[in-house]
Amino acid sequence: MPRGKPYPMCRADKRTASRTHAGAFDPASDGRRRAAFQRRLIAWFRRHARSFPWRETRDPYAIWVSEVMLQQTQTAAVEPFFRRFLARFPDVATLAAAHPDEVLRHWEGLGYYRRARSLHAAARQIVALHGGRIPDDPETLQSLPGIGRYTAGAILSFAFDRPAPILEANSRRVLRRLLADPERPNDTTDSFLWQSAERLLPSRQAAVYNQALMELGGLVCLARHPRCRDCPVHDYCNTYRLGIQNEVAGISSTTRPTAVQELAIAIRQRRAVLLLRRAEGGRWAGMWDFPRLDITQEVARAGRRSNPTPPADRVEESVRRSLGLPIRLGPHFLRFRHAVTRFRITVDCFLAEVSSAETIPAGPKPTEPGWSEAAWLEPSSLEDIPLSSPGRRIAAALLTHWQTTPGETPERLVASPPRRTR
DNA sequence: ATCCGGACAT
DNA sequence: ATGTCCGGAT
């Protein structure tokens, strides 16, 4: 990837911006004031910008990958994934040629797996339709899966330095405060903010300017306690002037979590264990996982103080019905909790053996919705497939269990109530 | 435990 | 307009 200094640190802006008169900042009406705002913001950015690997490049591919990873994901979480991903898939052609599962494997643990699938699909589309070059116009970019208006603007401005506006969580917060209508400071629409972002954008230095806007939101114009005294553009801020910056906050939708009880079963046959692939559209789409049963209803019916595990024969019957597989339930070996979107899932994990004498060759066809594929895998190959985070956790516990109890045989597998693993 | 964060479908 | 998808940081 091209290296170097994409945003040369020119001398700090020594000019003192003129004191601003009172009144709402309207970027459309005052070009001089807008230019001063831009200079202040950019000068601040040159002093305070954090260093990230995706800021060390202007390679549109690397910037695209980073922006997709950064969707709904914080910078600290993204960094190691970004490095690994770029090392393995250094360019569009390499990514397009890769197996989907390997792409997913490199995304494992980052979440929102549709992003990885879209990225891969888009890479193939770029090779097939655009000669392997990342498009540099907004319409074509947004025709690619996983690229919306923000990501298109980010690629256009960061990589190509085109004057394309961006609006994401950080810059949205900045502009919401900066441009708030004093009468209705919380009624600002995204449509208005997009228009404003476009009007505020300088025709040159769009890359630095856009990143400065985001960085200000990330470091100074914080949701909870905005550090307005440190803000280089507080003179231009409609809410700072009125002291109502704390009244304009991102209203977090208070969708309270739903408790879910699940059973995960590691079903063994000879040396292999049964894995299922999660279907399109749901959680962990395209990722492999251990067979899981939602037992929330049963637990609720049985009463809250009772053992959260249904009787072994009920579980065995349920697996026979959904997977067409005769099993004998073994011991409980792991309990953990996992929070995902608005669900708080408690997972109880059990060993199990296929109870039929005959070998069931190609995995059962899962008839239950939610699963698309099944496979019997040797423990060692669990490393090679993309697993959901809970799935990876179960796999790790399973490998430990098998290593510490090497002599375990089906005869010794006896169902027992879950121990409290807290 | 709560907070944080774009694309897409509906 | 609203809901869905994820995991790590705090």
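Residues numbered from 1 in each chain as written. Chains lettered and ligands numbered in written order. Predicted model: local features only at pLDDT ≥ 70, side-chain atom pairs only at ≥ 80, totals over all residues. Heavy atoms only, no water.

Q: Would you take a moment to explain the environment of Val 127 for this structure?
A: Topologically, Val 127 is positioned in helix H6 (residues 114-129). Exposure remark for Val 127: the relative accessible area of 37% places this residue in the partly exposed category. In this structure the C-alpha to C-alpha distance between Val 127 and Pro 331, which are 204 residues apart in sequence, comes to 50 Å. Sequence-distant contacts of Val 127, defined by excluding residues within four places in its chain, comprise Val 92, Ala 93, Ala 96 and Gly 132. (Helix = DSSP H or I, 4+ residues; strand = E, 2+ residues; numbered from the N terminus. Buried < 20%, exposed > 50% of the residue type's maximum accessible area, 1.4 Å probe, protein only. Contact = heavy atoms within 4.5 Å.)

Q: Looking at this model, I keep getting lost on the protein's contact with DNA strand B. Mind explaining?
A: If you check the shell around DNA strand B, you find 19 residues, and the closest are Gln 72, Gly 146, Thr 151, Ala 169 and Arg 224. Of everything in DNA strand B that lies within 4 Å of the protein, sugar and phosphate atoms constitute 66%. Between a phosphate oxygen of DNA strand B and a main-chain N or O atom of Gly 146, the distance comes to 2.4 Å. A distance of 2.7 Å separates a phosphate oxygen of DNA strand B from a polar atom in the side chain of Arg 224. Those elements that place two or more of their residues in the surface near DNA strand B are helix H8 (149-160) and helix H9 (169-178). Looking at side-chain class alone, the surface near DNA strand B contains six nonpolar, eight polar and five charged residues. (Near = heavy atom within 4 Å. Polar contact = N/O pair within 3.5 Å; in protein donor to acceptor, adjacent residues only side chain to side chain. Nonpolar A, V, L, I, M, F, W, Y, C, P; charged D, E, K, R; others polar.)

Q: Sorry if this is basic, but what is going on with empty space enclosed by the protein here?
A: Picture a little ball the size of a water molecule; that probe, rolled over the atoms, points out where space is still empty. Inspection of the entire model under this criterion finds one cavity of 30 Å³ or more. Here the largest cavity defines a volume of roughly 110 Å³. For the largest cavity, the lining is made up of 13 residues, of which Arg 177, Cys 221, Cys 228, Cys 231 and Cys 237 are closest to its centre. Top contributing element to the lining of the largest cavity by residue count: H9, with three residues. Residues of the lining of the largest cavity, tallied by class, amount to 11 nonpolar, one polar and one charged. (1 Å grid on protein atoms, 1.4 Å probe; cavity = no way out; pocket = protein on both sides within 12 Å on 5 of 7 lines; lining within 4 Å. Points joined across faces, edges and corners; volume = space filled by probe spheres on them.)

Q: Would you explain helix H10 (residues 190-200) in this entry?
A: Side chains that are three or four residues apart share a direction in an α-helix, a result of its 3.6 residues per turn. For H10, the complete set of buried residues consists of Leu 193, Trp 194, Ser 196, Ala 197 and Leu 200. End-on view of H10: buried residues confined to an arc of 165°, all on one side of the axis. Those residues of H10 that are buried lie in contact with helix H1 (31-48), H8, H9 and helix H11 (206-219). (Arc of directions from axis to C-beta.)

Q: Help me out: how do you make sense of the protein's contact with DNA strand C in this one?
A: Inspection of the region around DNA strand C gives 15 residues, with Gly 109, Tyr 113, Arg 283, Trp 284 and Ser 389 positioned closest. The leading source of residues in the surface near DNA strand C is strand S5 (residues 327-340), at three residues. Residue classes in the surface near DNA strand C are distributed as six nonpolar, seven polar and two charged.

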